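Notes for the structure review
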Amino acid sequence: MIAAAQTLRPSQPFTAPDDRGAVFDAIGTAMASAEVYAATAANFATLRDARGLAYAIRSAAACLSTAAELLDEVKPAPRNGGRS
């Protein structure tokens, strides 16, 4: 009976599935949008369009801010238990 119970135990400890996929997707979307706004800002700078440049930079900054806020949800735990 003990041998049967030992064969049913998994070799790896159970870990919960990673359900952070949606967060990673949202970060990816925010960063892709920031990239588009940054390229648009560069074009507005070339055209000397101050209004368009300001809008594009503010939009890129908002996308980066969103990604930075979401980053806290996917950061791995420190390897050394939080010690330096």
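Described in the following lines is the structure provided in the data block. Computed from a prediction, not measured in an experiment: that's the story for all the values here.

A short note on the packing of aromatic side chains
Counted by the stated rule, this structure contains one aromatic pair. For the pair Tyr37 and Tyr55, a centre-to-centre distance of 6.4 Å together with 80° between the ring planes defines the contact as edge-to-face. Residue Tyr37 is found in helix α2 (residues 21-47), and its partner Tyr55 is found in helix α3 (residues 50-71); the two are separated by 18 residues along the sequence. On the basis of relative accessible area, Tyr37 is assigned to the partly exposed category, the value being 27%. A relative accessible area of 48% means that Tyr55 is categorised as partly exposed.

Some words on the packing of α2 against α3
The geometry of α2 relative to α3 is characterised by a closest axis approach of 8 Å and an angle of 160° between their N-to-C directions. By the angle class used here, α2 and α3 are roughly antiparallel. Of the two elements, α2 crosses α3, and the hand of that crossing is left-handed. Along the lines of polarity and charge, the residues of the contact of α2 with α3 split into 21 nonpolar, five polar and no charged.

Procedures and definitions
- Residues numbered from 1 in each chain as written.
- Predicted model: local features only at pLDDT ≥ 70, side-chain atom pairs only at ≥ 80, totals over all residues.
- Heavy atoms only, no water.
- Phe/Tyr/Trp six-rings, centres within 6.5 Å; stacked < 30°, edge-to-face > 60°.
- Helix = DSSP H or I, 4+ residues; strand = E, 2+ residues; numbered from the N terminus.
- Buried < 20%, exposed > 50% of the residue type's maximum accessible area, 1.4 Å probe, protein only.
- Axes fitted to C-alpha atoms, helices over the stretch in contact; angles between N-to-C directions.
- Parallel < 35°, antiparallel > 145°, perpendicular 65-115°, else oblique.
- Left-handed = near helix turned anticlockwise from the far one by under 90°.
- Nonpolar A, V, L, I, M, F, W, Y, C, P; charged D, E, K, R; others polar.

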